[in-house]
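# Chain and residue survey
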Amino acid sequence: MVKTIVIASDHGGYNLKTICIKTLEEWGYEVQDEGPSSLDSCDYPLYAAKVTAEVKADDDKLGVLICGTGLGMSMTANRMGVRAALCSNEFHARMAREHNDARILCLGERVTGQGVALGILKLFLETEFGGGRHQRRVDLIDTVSN
């Protein structure tokens, strides 16, 4: 079971990040907060890069990135070579992990309510990659994207 969650946001996701950190700690996870530390305007790609680098370097970590919509964070993480999934419901979260072995969950604070977001987070963290036929498809992602 993954015990360390690397998390970051921009100003648009800061409040939800704070709630997620508190909840993750209550659930027994070690949380590595990569920022920011305030609601001041900031650039999401810089924070996405920090989380992506940590997750890429350690298979025992998963990441969470939160911005206003989740779109910018997911685009940045995927561009950096880590499978990131923008999830707006629990089914997305389960499939992202079970079928696609996503390593980073992306959420949008302005489009996903707190209760829904925490349900998505819980399912994302508790779902294991299914392997099998899905591994072949995940391997193809790298093949066709190079």
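Further up the page is the structure itself.
Everything in this summary refers to the structure shown in the same document. From a predicted model like this one, the values you see are computed outputs, not experimental measurements.

Along the chain, the regular secondary structure elements total six helices and five strands. Counting helices and strands in the order they occur from the N terminus, the chain gives β-α-β-α-β-α-β-α-β-α-α. In terms of overall dimensions, the chain is globule-like: its C-alpha atoms have a radius of gyration of 14 Å, near the 15 Å expected for 146 residues. Across its three principal axes, the chain shows a C-alpha extent of roughly 45 × 30 × 25 Å. Nonlocal contacts in the chain, meaning residues at least 24 apart in sequence, comprise 70% of its contacts between residues at least 6 apart. In the chain, 16 side chains carry a positive charge and 20 a negative one; their mean positions are 6 Å apart.

A side chain of one charge can pair with a side chain of the opposite charge if their charged atoms are brought near each other. Under the criterion given, the structure shown has seven salt bridges. One salt bridge connects Arg103 with Asp59, and the closest N-O pair in it is separated by 3.8 Å. In this pair, Arg103 is assigned in the loop between helix 4 (90–98) and strand 5 (104–108) and Asp59 in the loop between helix 2 (44–57) and strand 3 (61–67), connecting sequence segments 44 residues apart. Given the relative accessible area of 61%, Asp59 is considered exposed. The residue Arg97 makes a salt bridge to Asp101 at a minimum N-O spacing of 3.3 Å. Exposure class is identical for Arg97 and Asp101. Each is buried. What you see here is one network of salt bridges that share partners, running through Arg83, Arg97 and Asp101.

To continue, consider a nonpolar patch on the surface. Together, Leu71, Met75 and Leu86 make up an exposed nonpolar region whose accessible area comes to about 280 Å². Here Leu71 lies in helix 3 (residues 71–79). Residue Leu71 is classed as partly exposed on the basis of its relative accessible area of 43%.

Rules used in this analysis
Residues numbered from 1 in each chain as written. Predicted model: local features only at pLDDT ≥ 70, side-chain atom pairs only at ≥ 80, totals over all residues. Heavy atoms only, no water. Helix = DSSP H or I, 4+ residues; strand = E, 2+ residues; numbered from the N terminus. Rg over C-alpha atoms; globule rule 2.2 N^0.38 Å. Contact = heavy atoms within 4.5 Å. Lys, Arg positive; Asp, Glu negative; His and termini not counted. Charge placed at Lys NZ, Arg CZ, Asp CG, Glu CD. Salt bridge = Lys/Arg side-chain N within 4 Å of Asp/Glu carboxyl O. Buried < 20%, exposed > 50% of the residue type's maximum accessible area, 1.4 Å probe, protein only. Patch = residues over 30% accessible without salt bridge, like charges linked within 9 Å, V, L, I, M, F, W, Y side chains within 5 Å. Areas by Shrake-Rupley, 256 points an atom, 1.4 Å probe, with all protein chains shown as cover.

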